[in-house]
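Coordinate inspection notes
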Amino acid sequence: MITAYVGLGSNLDHPEEQLLRAMDELDCIPESWLGRFSSLYVSAPMGPQNQPDYVNAVAELHTALPALALLDALQDIENAHHRVRGERWGPRTLDLDLLLYSQEVIDLERLKVPHPGIAQRPFVLQPLAEIDGDLQVPGVGRVRDLLDACKAQAARRMQ
Ligand code: ROI
């Protein structure tokens, strides 16, 4: 069994509901079950500012699936949320990023793990730190230290 971490984000069509539904769907991925799940966090968009604020969270997933099969399953869930791949860094109904897959480093065209932007994204680090601040991001550093380094732009925790 592998422990993986998935970043969830949405800024369209009732983002909180999108994330809560996605949580159930993650638990239904074959050969996998949902572990811990962070609170929901709201943050201003990174990238183009002419879009709504985002709601983000992180889920821990225990899985026997190979990384690419897990990626396929995540993309199936995105598609079921009518995810439309529009402009780069534009708004989206549901974004599921495979952040960490055990301590593996994967560098394929389709999949880069750890997620390349992780160290610059407080909206990922903050929910990840809520689950486990001592987690190591291979080749990058410890989650808690990475969060301290970009705290200035911290996301706000929702109720
Ligand atoms: N900005 C925030 N705050 N949260 C996201 O999940 C997010 N996702 C993205 C881009 C457009 C980079 N900006 C984001 O894909």
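It should be noted that the structure appears before, not after, this text.
First, a word on what this report is: a plain description of the structure on this page. (Residues numbered from 1 in each chain as written. Predicted model: local features only at pLDDT ≥ 70, side-chain atom pairs only at ≥ 80, totals over all residues. Heavy atoms only, no water.)

Observations regarding the site of the ligand
All residues adjacent to the ligand are Ser 43, Ala 44, Pro 45, Met 46, Tyr 54, Asn 56, Trp 89, Arg 92, Asp 95, Arg 121 and Phe 123. Contact distances for the ligand include 2.8 Å between a nitrogen atom and a side-chain N or O atom of Ser 43. Coverage of the ligand by the protein chains reaches 96% of its 350 Å² of free accessible surface. Split into classes, the residues belonging to the shell around the ligand amount to six nonpolar, two polar and three charged. (Near = heavy atom within 4 Å. Polar contact = N/O pair within 3.5 Å; in protein donor to acceptor, adjacent residues only side chain to side chain. Areas by Shrake-Rupley, 256 points an atom, 1.4 Å probe, with all protein chains shown as cover. Nonpolar A, V, L, I, M, F, W, Y, C, P; charged D, E, K, R; others polar.)

Section: helix H2 (residues 67-80)
For H2, with 14 residues, the first-to-last C-alpha span of 20 Å sits near the 20 Å given by 1.5 Å per residue. For H2, the full list of buried residues reads Ala 67, Leu 70, Leu 71, Ala 73, Leu 74, Ile 77 and Glu 78. Across the axial projection of H2, the buried residues extend over an arc of 160°, all falling on one side. Buried residues in H2 make contact with strand S1 (2-10), helix H1 (15-27), strand S4 (54-63), strand S5 (95-101) and strand S6 (106-107). Remark: His 82 follows H2 within two positions and exhibits a positive phi of approximately 55°. (Helix = DSSP H or I, 4+ residues; strand = E, 2+ residues; numbered from the N terminus. Expected span 1.5 Å × (residues − 1). Buried < 20%, exposed > 50% of the residue type's maximum accessible area, 1.4 Å probe, protein only. Arc of directions from axis to C-beta. Contact = heavy atoms within 4.5 Å.)

Overview of the pairing of S1
Counting buried positions along S1 gives eight out of nine residues, so the element sits mostly inside the fold. Of the pairings in the sheet, the one linking S1 to S4 comprises nine bridges and is antiparallel in character. The residue of S4 that forms the bridge with Tyr 5 is Glu 60. (Pairing = 2+ DSSP bridges.)

Focus: H1
Compared with the 18 Å implied by 1.5 Å per residue over 13 residues, the 19 Å span of H1 between its first and last C-alpha is a close match. Within H1 the residues assigned to the buried category are Pro 15, Gln 18, Leu 19, Ala 22, Met 23 and Leu 26. Summarising the axial view, the buried residues of H1 lie within an arc of 140°, below the 170-degree limit, and thus occupy one face. In H1, those exposed residues whose orientation departs by more than 90 degrees from the buried face are Glu 17 and Asp 24. Its buried side turned inward, H1 meets S1, strand S2 (32-37), S4, H2 and S5.

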